[in-house]
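# A closer look at the structure
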Amino acid sequence: MSKSFYLTTPLYYVNDEPHLGHAYTTILADVLSRYHRLFGEDVHFLTGTDEHGQKVANAATKAGKDPKLYCDGLAQRFIDVWEQLGISNDDFIRTTEPRHEKIVVDVLNKLNEKGEIYKKDYVGWYSVFEEQFFTEKDLIDGKDPIGHRPVEKIQETNYFFKMSKYQDWLIDYYTKNKDAVLPEFRMNEVLGFLRKPLEDLCISRPKSRLSWGIPIPWDTDYVTYVWFDALLNYYSATLSPPEGTHPTWPADYHLIGKDILTTHAVYWPTMLKAADLEPPKHIFAHGWWLAKDSAKMSKSTGNVIKPLDLATVYGADVFRYVLMREMVLGQDASFSEESFIKRVNSDLANDLGNLVSRVAKIQSKHFPGETLHLEDTEEDEIFELARKTTFSVRTMVENLQIHSAIEETLQFIRAINRDFTLAEPWKSAKSDPQSARNALARALEGIRIASVLLSPIMPNKIQELMKRIGAPASDQYEWEDTAWNTTTRAKESFFDEPVFPRVNAPKQATEKKESPAKKEELKISPDGLLPIERFKEVELKTARIKSAEPVKGTDKLMRLEIDLGSEERQLVAGIQQHYTPEKLVGKLIIVVANLQPAKIRGVRSEGMLLAVRDGDSLNLLTVDANVPPGLKIS
Ligand code: MSP
């Protein structure tokens, strides 16, 4: 039987509008699920919504709706967003479902019967936003210590779970299971927290104050505290009727954000221990996405990025790729559309996309429709690198280092690119066709393996890419598919449009709308003079020519590959009669970097170079110093 792998996201507050933070955790969980399915494991991936508590009750009252009906409408928003982002969850749990409420009641009854619960008078400070009580000494400047939001003093009689009793057990458990909380520095944080005496946990709310919750089974004047209720979802979702067993418990990973570490790493394992249940194997806390100015994204500051805005504009798979590539294990990351675009262009349009179109074009030109046989791979560098990359990617994913796994795969893609450039199959296609075939087959097989490795990140785009190289497209590859195919390569089919189009300027809805007065200011004056703003719209940059070749069938056009610092591009320029390729390679030139791509005699041109004509001679503009490529000209 294959190994089972159970992982969860937090249950999102149902009244929140799905945002980048929610999308990140869910995409991370999806990517891990898809990788583990690729490894042949029997994955169970759970997400859902947290629907009880003060926050939801207040929002329902404000909307003038019955809380349950209110939640029904809102939960659907999450379901829809996940579908659009290609999330392959096996289950979606809502804390208002009977299957969950039954488990909460069973666990409460069990703890009560075991003497783990008692009633006492209590004074505490409650944060509705965090749905948490704090003691006076927890507060920072009279505000909650997590989000610095207002708290209200509450004095009431409530039920308590004897959490303090489990402090020593928990310290001992974490000392023996150092990877139970990840990354390591988060475990140190938890152990630091456990150095202070642990208090008992208030697990009820009087119905007179809050009626929206699961009733305490033996005292209907009370409902269950929202966190006690919500955490149990991870266990209730594993219930397998009719036997009533929980075959996938304990969870392999609870993925959470760093702000909900204490509830998961302290409340949750002690609750489970008291209920004689096994603790989760790992809790992994990721960092926060911050806006460019390092502020946490939040609704109140208005800097929340709506995931669908970006996913709609750039495509869900590209969005998934950038999020996974940009956040380093456990650290905070800053988000801006500019850095998003930079990543799309450098990794996807340039490294991967360009390679695919170069290889496909050369095959379709020289060996159209042919199945390629690869000769002798054992000595081959790309073959060896494919093996190494496959192994490292698996190890990195098993250690949750998704950003490193992606980078490792991209290094492999860059190596295929270099190998292909050095082999020059476009030159040897006639003189030594078998060597050209080998170079093509090597590149195609390398791309295919890299694509299998990237398929959990971009499940749809990779299928599209596979079709272009004539490889089998599937939404679920197997680990065997990462093995080098030594005998044949299927025929390719050539498509004109790039798989990953370059993005030239921000496209998101955040684009500023010009006011009529501003529009007036930007007009060219009657004497034909340009306002400086109009000139600033043109992005001029230094670029280094990496390679040059005449465009076949023309006597004027030259195809150039240029280095723009952070990316490489292809330009077509009418300079063939003025420069030989040898004279061009290595030259530093000036290009217009933000032009819409154009097709010149069927060849894509991504920008324009600057030159000056003097009679019959044409001279490229350059810089009077040895400066690097990619500098902005101002
Ligand atoms: N309902 C609780 C979880 C109960 S789990 C039994 C909750 N919900 S939440 O909707 O507020 O947040 C869910 C997750 O989103 C948290 O893990 C939180 O860290 C994450 N994020 C919210 N904003 C975020 C960012 N700006 N960046 C990354 N993730 C952040 O807490």
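Since this is a predicted model, take the numbers as computed values, not measurements.

A tally of helices and strands in the protein chain yields 20 helices and 26 strands. Dimensions along the principal axes, computed over C-alpha positions, put the protein chain at roughly 95 × 70 × 45 Å. For the protein chain, buried positions account for 53% of its 634 residues. Here the analysis covers contacts within the protein chain between residues at least 6 apart in sequence; of these, 73% occur between residues at least 24 apart. Summing over all exposed atoms, the protein chain offers an accessible surface of approximately 28,900 Å²; the carbon and sulfur share of this is 51%. Looking at charge distribution, the protein chain has the averaged site of its 81 positive side-chain charges lying 4 Å from that of its 93 negative ones.

It is worth spelling out helix α3 (residues 67-84) at this point. Each α-helix turn comprises 3.6 residues. Residues three or four places apart therefore point the same way. In this model α3 runs 26 Å from its N-terminal to its C-terminal C-alpha over 18 residues, within 8% of the 26 Å that 1.5 Å per residue would give. Just past α3, the residue G86 takes up positive phi, approximately 70°.

Once that is clear, we can look at the pairing of strand β13 (residues 282-286). The buried fraction of β13 is high, at five of five residues. The side-chain alternation of β13 yields two buried faces, one formed by H282, F284 and H286 and the other by I283 and A285. In terms of strand pairing, strand β7 (residues 181-182) meets β13 through two bridges, oriented parallel. Paired with L182 across the bridge in β13 is F284. Two elements, strand β12 (residues 253-257) and β13, share five bridges in a ladder whose sense is parallel. In the strand pairing of β13, G257 is matched with H286. In terms of handedness, the path from β12 via helix α9 (residues 261-274) over to β13 forms a crossover that is right-handed.

What follows covers the site of the ligand. The local shell around the ligand holds 24 residues, among which L11, D50, G257, D259 and W289 are the closest. Here an oxygen atom of the ligand and a side-chain polar atom of D259 are 2.4 Å apart. Within the backbone of W289, a nitrogen or oxygen atom sits 2.9 Å from a nitrogen atom of the ligand. When the free accessible area of the ligand is taken as 670 Å², the share hidden by the protein chains comes to 95%. Looking at the shell around the ligand, the elements that each hand over two or more residues are β1 (4-13), α1 (20-38), α7 (226-231), α8 (233-236) and β12. With four residues, β1 is the single largest residue contributor to the shell around the ligand. In terms of residue class, the shell around the ligand is built from twelve nonpolar, eight polar and four charged.

With that settled, consider the sheet that holds strand β9 (residues 204-206). Here we have three strands laid out as an open sheet, ordered β9-β11-β10, and antiparallel in their pairing. Every interior strand has two partners, whereas the edge strands, β9 and β10 (215-216), have only one.

What follows concerns the domain arrangement of the protein chain. According to the domain assignment, the protein chain consists of domain 1 (4-286), domain 2 (334-489) and domain 3 (532-620). A C-alpha centroid distance of 58 Å is found between domain 1 and domain 3.

On to the pairing of β1, then. Most of β1 is tucked away: nine of the ten residues are buried. In terms of strand pairing, β1 meets strand β2 (residues 42-50) through eight bridges, oriented parallel. Paired with T8 across the two strands is L46, which belongs to β2. One crossover worth recording links β1 to the parallel β2 by way of α1, and it is right-handed. Pairing of β1 with β12, which is carried by two bridges, proceeds in the parallel orientation. For L7, the partnering residue across the bridge sits in β12 and is Y253.

Calculation criteria
- Residues numbered from 1 in each chain as written.
- Predicted model: local features only at pLDDT ≥ 70, side-chain atom pairs only at ≥ 80, totals over all residues.
- Heavy atoms only, no water.
- Helix = DSSP H or I, 4+ residues; strand = E, 2+ residues; numbered from the N terminus.
- Buried < 20%, exposed > 50% of the residue type's maximum accessible area, 1.4 Å probe, protein only.
- Contact = heavy atoms within 4.5 Å.
- Areas by Shrake-Rupley, 256 points an atom, 1.4 Å probe, with all protein chains shown as cover.
- Lys, Arg positive; Asp, Glu negative; His and termini not counted.
- Charge placed at Lys NZ, Arg CZ, Asp CG, Glu CD.
- Expected span 1.5 Å × (residues − 1).
- Pairing = 2+ DSSP bridges.
- Right-handed = clockwise from strand over helix to strand, strands pointing away.
- Near = heavy atom within 4 Å.
- Polar contact = N/O pair within 3.5 Å; in protein donor to acceptor, adjacent residues only side chain to side chain.
- Nonpolar A, V, L, I, M, F, W, Y, C, P; charged D, E, K, R; others polar.
- Domains from an automatic or database assignment.

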